4 protein chains.
Amino acid sequence: MTLEEAQELVSRGPFLNWLGLEVLELGADTIAVKAKWRPEWVANPVLGQTHGGILASLIDFAADFSLLNSIGHPVPTIDMRVDYHRLTKQCDLVAEGRVIKLGRQFSICEARIFDENRLLVASGRGAYITAPKAG
Amino acid sequence: MTLEEAQELVSRGPFLNWLGLEVLELGADTIAVKAKWRPEWVANPVLGQTHGGILASLIDFAADFSLLNSIGHPVPTIDMRVDYHRLTKQCDLVAEGRVIKLGRQFSICEARIFDENRLLVASGRGAYITAPKAG
Amino acid sequence: MTLEEAQELVSRGPFLNWLGLEVLELGADTIAVKAKWRPEWVANPVLGQTHGGILASLIDFAADFSLLNSIGHPVPTIDMRVDYHRLTKQCDLVAEGRVIKLGRQFSICEARIFDENRLLVASGRGAYITAPKAG
Amino acid sequence: MTLEEAQELVSRGPFLNWLGLEVLELGADTIAVKAKWRPEWVANPVLGQTHGGILASLIDFAADFSLLNSIGHPVPTIDMRVDYHRLTKQCDLVAEGRVIKLGRQFSICEARIFDENRLLVASGRGAYITAPKAG
């Protein structure tokens with residue numbers, strides 16, 4: 001799959017679009033994307049930090065889409081874990097996903113999120129259904 | 001804390017506002033909120049399902065805010081697990097949070113999300129910092 | 001499945017045997033078992049607390065075996081989360097499992113562990129493969 | 001901390017002893033250990049596979065002890081996630097732990113388990129209390 005095809009899959013989705021995602025790199029079992037900050041991401045207006053739900057969304061997205069070149073399309077998430085490492089404020093983010101174990105029924109992938117200074121903001125992993133669709 | 005005070009804490013946050021959250025109930029160690037569906041929640045436009053990142057955001061929110069009457073304010077999330085049970089499409093959601101174990105340093109809380117037919121859509125749990133702020 | 005049949009499934013397993021498991025109750029989607037303390041469970045000999053790996057083993061076991069009456073046999077674990085709530089020392093433990101969502105491909109179950117004073121020691125949840133075996 | 005000091009910390013613990021742990025390497029924020037197979041590890045006697053609770057124990061241990069050179073001693077686990085990648089049968093295992101994010105209050109570490117053919121058997125991560133003890 002080319003970068004353009006991956007970007008097309010991303011851009012057709014209203015929520016992914018809202019996250020302002022730009023696919024930077026697509027490897028055999030990796031992906032890197034940039035997410036464009038928007039004011040609605042702010043959790044506490046006094047601190048100005050990006051809400052953990054945004055970070056969780058990026059973890060899920062990047063882990064899932066690291067399977068693109070193995071499976072050919074996004075797949076359903078079974079479950080996900082997210083660890084929060086530091087606050088991030090009003091800046092674009094880079095999310096990097098990687099397949100840990102590709103399986104016939106389900107696969108495990110991980111993702112990391114970096115801020116504009118390349119500091120690790122959050123990381124996590126998820127289980128994804130990679131069984132062929134019944135039918 | 002009254003329902004109105006809890007709603008105020010919710011409404012001041014740009015992301016929580018964007019999620020259209022209305023606090024329905026606030027107990028000693030529970031919370032119930034309604035989240036108003038919006039078109040930007042859609043993951044795949046063909047399926048029309050709400051993106052898992054939205055569900056993860058609601059799990060994190062409801063688990064965290066179930067601590068309101070114990071701690072008095074929202075607290076930082078250490079980590080979170082989300083399990084996805086079924087797709088949900090274009091409908092408002094109810095998220096219910098509950099404290100599992102209140103601790104002096106950190107606490108564990110869980111949350112469940114229901115669709116308009118009261119079907120369980122997702123559930124999960126998180127660890128939250130409940131130590132007094134250093135200072 | 002009767003309590004005796006469940007106990008037989010438990011007792012044939014060397015590790016489950018080593019955990020000293022006695023099935024107390026088996027419901028439609030629940031299970032309760034007692035685990036008999038043994039000196040090898042101790043983590044730090046100064047504190048005398050039971051190692052988290054033992055608690056994780058009990059969580060995985062009880063969550064998995066809560067599916068017995070739905071599936072008819074133990075199933076493979078996809079992944080698991082364990083939360084540790086308090087130390088427990090030199091005492092038997094009770095583990096209770098419950099199905100959260102039974103699915104055709106995979107299912108989510110949770111479990112809680114109590115000490116002899118019925119204090120919650122640990123809790124968690126896991127994803128289990130409940131698809132029929134291929135072939 | 002020297003390899004010998006780390007091995008001493010491991011060998012004094014009854015459960016870690018039972019797991020037959022030998023410290024192979026200790027880095028600034030990493031650890032590698034070998035665990036010696038024993039018949040009590042077997043889950044299902046027909047399949048002969050090592051029980052997931054043993055793998056979870058090794059994940060928790062290796063993640064925790066990767067903090068040895070940062071903290072100086074083992075620390076309490078807040079929570080843990082384990083992903084199971086493939087069955088492993090009647091063989092010694094190698095567990096490798098690594099600090100993902102060292103924090104003042106808590107830290108996140110990950111671990112991987114390999115079989116004798118260096119195949120990835122399980123992996124996971126946990127949150128650990130690294131705040132100085134009160135008092």
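Residue numbering note: each chain is counted from 1, following its sequence as written. Chains carry letters and ligands carry numbers; both start at the beginning, A for chains and 1 for ligands, and go up in the order they are written. Only residues with pLDDT of at least 70 are given local features in this predicted model, and only at 80 or more are side-chain atom pairs given and counted; all residues enter the totals for whole chains, interfaces and linings. Only hydrogens and water are removed before side-chain values are computed, so all heavy atoms of the structure are retained for them.

Trainee: Can you tell me about the pairing of strand β4 (residues 93-101) of chain B, naming the residues and giving the values?
Mentor: Residues and elements named next belong to chain B. Here, strands pair whenever DSSP counts at least two bridges between them. Helix and strand definitions follow DSSP, with helices as H or I runs of at least four residues and strands as E runs of at least two, each counted in order from the N terminus. Pairing between strand β2 (residues 30-35) and β4: six bridges, direction antiparallel. Bridging across to β4, T30 finds its partner in R98. Bridge count for β4 against strand β5 (residues 106-114) is seven bridges, and the pairing is antiparallel. By the bridge assignment for β5, K101 is matched with I108. Hairpin connection from β4 to β5: four residues lie between these consecutive antiparallel strands.

Trainee: Before we move on, can you summarise helix α1 (residues 3-11) of chain A with the specific residues and values?
Mentor: One turn of an α-helix holds 3.6 residues; hence residues three or four places apart share an orientation. All names here are of chain A. When we look at burial in α1, the residues that qualify are A6, L9 and V10. The buried residues of α1 all sit within an arc of 100 degrees when viewed along its axis, so they share a single face. Pointing more than 90 degrees away from the buried face of α1 are the exposed residues E4 and E8. Summarising the contacts, the buried residues of α1 are in contact with α2 (14-18), β1 (21-26), α3 (52-65) and α4 (68-71). Between buried and exposed lies partly exposed: a residue is buried under 20% and exposed over 50% of the maximum accessible area for its type, with that area taken using a 1.4 Å probe on protein chains only. Throughout, the arc means the angular range of directions from the helix axis out to the C-beta atoms. Residues count as neighbours in contact if any of their non-hydrogen atoms are within 4.5 Å of one another.

Trainee: Requested: an account of the packing of aromatic side chains, with residues and values cited.
Mentor: Note on aromatic pairs: the rings of Phe, Tyr and Trp (six-membered ring only in Trp) are paired at centre separations within 6.5 Å, and the planes decide the class, stacked below 30 degrees, edge-to-face beyond 60, tilted for the rest. Evaluation of the coordinates by the stated rule reveals 10 aromatic pairs over all chains. Relative to B:F65, the ring of B:F61 has its centre 4.3 Å away and its plane inclined at 35 degrees; by these criteria the two rings are tilted. Here B:F61 pairs with B:F65, and both are found in helix α3 (residues 52-65), just four residues apart, close to one helical turn. The burial state of B:F61 is the same as that of B:F65; both residues are buried. Three or more aromatic residues link up through ring pairs in this structure, and these residues are A:F15, A:W18, B:F15 and B:W18. Two conditions define a charge located above a ring, namely a distance within 6 Å from the ring centre to NZ of Lys or CZ of Arg, and an angle within 35 degrees of the ring normal. Over the ring of C:F114 we find C:R118, and its NZ or CZ is 3.6 Å from the ring centre.

Functional significance is not addressed by these values, which are geometric in nature.
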